[in-house]
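Here's the letter readout for the chains.
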Protein chains: 2
Amino acid sequence: MSQPTVSRALRDDPKVSEATKQRVRDAAAALGYSPSAIGRALSVGRSTRVGLVVTDLDNQFYAHVIAPLHHELERLGHELVLITESSDSGPVAEHVVAHGLCGVVLATTTVDSILPARLRDRGVPFVYFNRTAPSVPADSVTVDPEQGVRELLADVIGRGHRRIGAVFGPRNTSTGEQREQVVRAVLDENGIGLAHRDVLHGPFDFRTGHDGMRTLLDRDDPPTLVLCGNDVVALGALNAAKEIGVDVPGDVSIAGFDDLPTSGWALVRLSTVAYDLAEMSREAARLLVGRVGNPGAEPVHAVYPTRYVARDTVGAPRS
Amino acid sequence: MSQPTVSRALRDDPKVSEATKQRVRDAAAALGYSPSAIGRALSVGRSTRVGLVVTDLDNQFYAHVIAPLHHELERLGHELVLITESSDSGPVAEHVVAHGLCGVVLATTTVDSILPARLRDRGVPFVYFNRTAPSVPADSVTVDPEQGVRELLADVIGRGHRRIGAVFGPRNTSTGEQREQVVRAVLDENGIGLAHRDVLHGPFDFRTGHDGMRTLLDRDDPPTLVLCGNDVVALGALNAAKEIGVDVPGDVSIAGFDDLPTSGWALVRLSTVAYDLAEMSREAARLLVGRVGNPGAEPVHAVYPTRYVARDTVGAPRS
DNA sequence: CTGAAAGCGCTTACAG
DNA sequence: CTGAAAGCGCTTACAG
């Protein structure tokens, strides 16, 4: 039995007879043999490993993308390797090709990142996840904030809030920018403006929300409601309010974006904009694996709808 | 310039002259060339990829081990790939060798798992993380619950609790067993027993704590304090109490184990047993990488101390 | 349907 | 200090 035959049999190549396939499989099982993925990778010129590029692995948000992403990749016969992007991002592209990853999902790309261009130049397939860098076209899976934000703001405005503050995400991310734009547009339609001093920006993390909330609440005349760039930020804001004894939503209302599991906790009950993050993660896996098999095709853009989930952190403003 | 010379130069082999090293490095930089890790892996017979084996990637606990583990592995020139262990665990060992991982950290091993034996038989280095399966010796990094539990129970008993309930972790994990034993031993020293009906068991997840708390609280005469197997369980318990309007610690006290960042939130303020989880994760990385380089050495067991962090979920029992 | 040959990109003795 | 040869475990034409 030659090596190529074994190889073909184990890959279920139709050119091998059923009889020998069976023999090979039996022998493999008996010997506990399974083909070396690395031998295969070297031979084929590409592995089945995909990288997830993030900046802060610590962030609760990513736990909720890693789990479904990993699961779907596994289903598709791929492995997940974690990559963190340092400020520079030069090394990342090289790292990816040096380690022979077959593709990567970009989950924390900034608008001005050079990583997408680097990957494109090196011919590494990738998909934008939750963010986009318009300069380099590629598959993407993102969220359309409009519907959810409209519903949220309808609730907010309906309850009488007029003095609205915000702790948005970073300015150099498509996600942060887009959410802010939609909020501004919808408020504008309702004749409500955001005072410059009531609008803060920062990374999508706990501290941003926490410190931002303190800043806003330290004022003599704080906003009656604070819109947060995402749930992790909102969680920071909520905790900051609690720390200084400010009642939510009695004294101030807070809203988030993402609807993480934590936001639904009885202890939290965050009013937020929801979408199907797990499904998005799976779609990213599918898109990427599809792309690897078909590099020439037009980029596809999967966009997920949002809806508002009213819980207990948005109430009427204190009159 | 021959291939071996380039190879040696890039690895900083002392047998290559500084002059050629420099030339090679310059050329590599100019060409954007970096050596293929997969070529190297095939040649050397081992990669620099280590696997983290867990059951539920969703669990908040693992987010806090993945981040430092990844970081330390990166520092040591290794990659992190995620592996989930299905019930069976047969495929895992094969997967690991098929994909040429140089080692794995086992973070959810049960006492009766066959995975350690499988890995040992196939010569794959591994380290037990936070759990241990005594049948197969290997490096381990674990926690010694005793000090923390003593401090916790001193507080609990000092406040007057006598009717104590518990939602411990799974019986088939060393971690769950050990914590339960220490609790029982210390209570015993104080002449306090755990009523059989007040002791529940289950996986270390939110639902276990949540449902366990409901069960305990549904009774006519519930315990005045509930000890939880870990923080995620305690978080479930805390939320269950909140859901049914039971005040913590007014009506019932709750304690955890792990001191996750969430437990310190103003919204949570969980009294819990703390230890250095991030450092443990880094140590696991170091141990494993060290083991790969020196398979013959005696197993080393890193044990981390615990201490009690009193916050707001343990109070006096209602009299 | 099966096998011999060549090659994927490295590294490791072995010469020189 | 440098290079030619062989091999790591696969796959892919190419014959038969």
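Here the structure is a predicted model, which is why all the values come from computation and not from measurement. (Residues numbered from 1 in each chain as written. Chains lettered and ligands numbered in written order. Predicted model: local features only at pLDDT ≥ 70, side-chain atom pairs only at ≥ 80, totals over all residues. Heavy atoms only, no water.)

### Quick look at the sheet that holds strand E7 (residues 199–201) of chain B
All names here are of chain B.
(1) Moving on: Taken in spatial order, the six strands line up as E7-E6-E8-E9-E10-E12 in an open sheet, and their pairing is mixed. The open sheet has two edge strands with one neighbour each: E7 and strand E12 (307–309). Across the sheet, the axes of successive neighbouring strands diverge by a mean angle of 20°, strand direction being ignored.
(2) Moving on: Across the sheet, helix H10 (residues 231–243) is in contact with strand E6 (164–168), strand E8 (225–228), strand E9 (253–258) and strand E10 (271–274); its angle to E9 comes to roughly 155°. (Pairing = 2+ DSSP bridges. Helix = DSSP H or I, 4+ residues; strand = E, 2+ residues; numbered from the N terminus. Axes fitted to C-alpha atoms, helices over the stretch in contact; angles between N-to-C directions. Contact = heavy atoms within 4.5 Å.)

### Some thoughts on the protein's contact with DNA strand C
(1) Moving on: Around DNA strand C there are 25 residues in total, and Arg8(A), Thr20(A), Gln3(B), Ser7(B) and Ser43(B) lie nearest to it.
(2) Moving on: Sugar plus phosphate: this is where 58% of the atoms of DNA strand C within 4 Å of the protein reside.
(3) Moving on: Within the side chain of Ser43(A), an N or O atom sits 3.2 Å from a base nitrogen of DNA strand C.
(4) Moving on: Separating a base nitrogen of DNA strand C from a backbone N or O atom of Gly39(B) is a distance of 3.1 Å.
(5) Moving on: Ranked by residues supplied to the surface near DNA strand C, first place goes to helix H3 (residues 37–44) of chain B with five residues.
(6) Moving on: The class makeup of the residues in the surface near DNA strand C is nine nonpolar, 11 polar and five charged. (Near = heavy atom within 4 Å. Polar contact = N/O pair within 3.5 Å; in protein donor to acceptor, adjacent residues only side chain to side chain. Nonpolar A, V, L, I, M, F, W, Y, C, P; charged D, E, K, R; others polar.)

### A few points about the UniProt feature "domain: HTH lacI-type" (unreviewed entry) in chain A
(1) Moving on: Sites flagged by UniProt as "domain: HTH lacI-type" (unreviewed entry) map to residues 1–44 of chain A.
(2) Moving on: Helix makes up 68% of residues 1–44 of chain A and strand 0%, and the two end C-alpha atoms of the span are 22 Å apart. (UniProt positions renumbered as here; feature names shortened; annotations may be inferred.)

### Considering the interface of chain B and chain A
(1) Moving on: Facing the 43 residues of chain B at the interface are 43 residues of chain A.
(2) Moving on: Carbon and sulfur atoms supply 62% of the area buried between chain B and chain A, which totals about 3700 Å² over both sides.
(3) Moving on: Summed over the three residues of chain B that lose the most area to chain A, namely Ile38(B), Trp265(B) and Leu267(B), the buried surface amounts to 19% of that side.
(4) Moving on: At the surface where chain B touches chain A, the tally comes to zero salt bridges.
(5) Moving on: Linking chain B with chain A are 14 residue pairs in polar contact (both at pLDDT 80 or more).
(6) Moving on: Of all the elements in the fold, those that place two or more residues in the side of chain B that touches chain A are H3, helix H4 (60–75), strand E2 (79–84), helix H5 (90–98) and H10 of chain B.
(7) Moving on: Looking at the side of chain B that touches chain A, the element that brings in the most residues is H4(B), giving seven residues.
(8) Moving on: A class-by-class count of the residues in the side of chain B that touches chain A yields 21 nonpolar, 14 polar and eight charged. (Buried area = accessible area lost by both parts, 1.4 Å probe. Salt bridge = Lys/Arg side-chain N within 4 Å of Asp/Glu carboxyl O.)

### Let's talk about the protein's contact with DNA strand D
(1) Moving on: The local shell around DNA strand D holds 25 residues, among which Gln3(A), Ser7(A), Ser43(A), Arg8(B) and Thr20(B) are the closest.
(2) Moving on: When atoms of DNA strand D within 4 Å of the protein are split into backbone and base, the sugar-phosphate part holds 58%.
(3) Moving on: Measuring from a base nitrogen of DNA strand D, one finds a side-chain N or O atom of Arg8(B) at 2.6 Å.
(4) Moving on: Between Leu42(B) and DNA strand D, the recorded distance is 3.4 Å, taken from a backbone N or O atom to a base oxygen.
(5) Moving on: Here the element with the most residues in the surface near DNA strand D is helix H3 (residues 37–44) of chain A; it accounts for five residues.
(6) Moving on: Tallied by class, residues from the surface near DNA strand D come to nine nonpolar, 11 polar and five charged.

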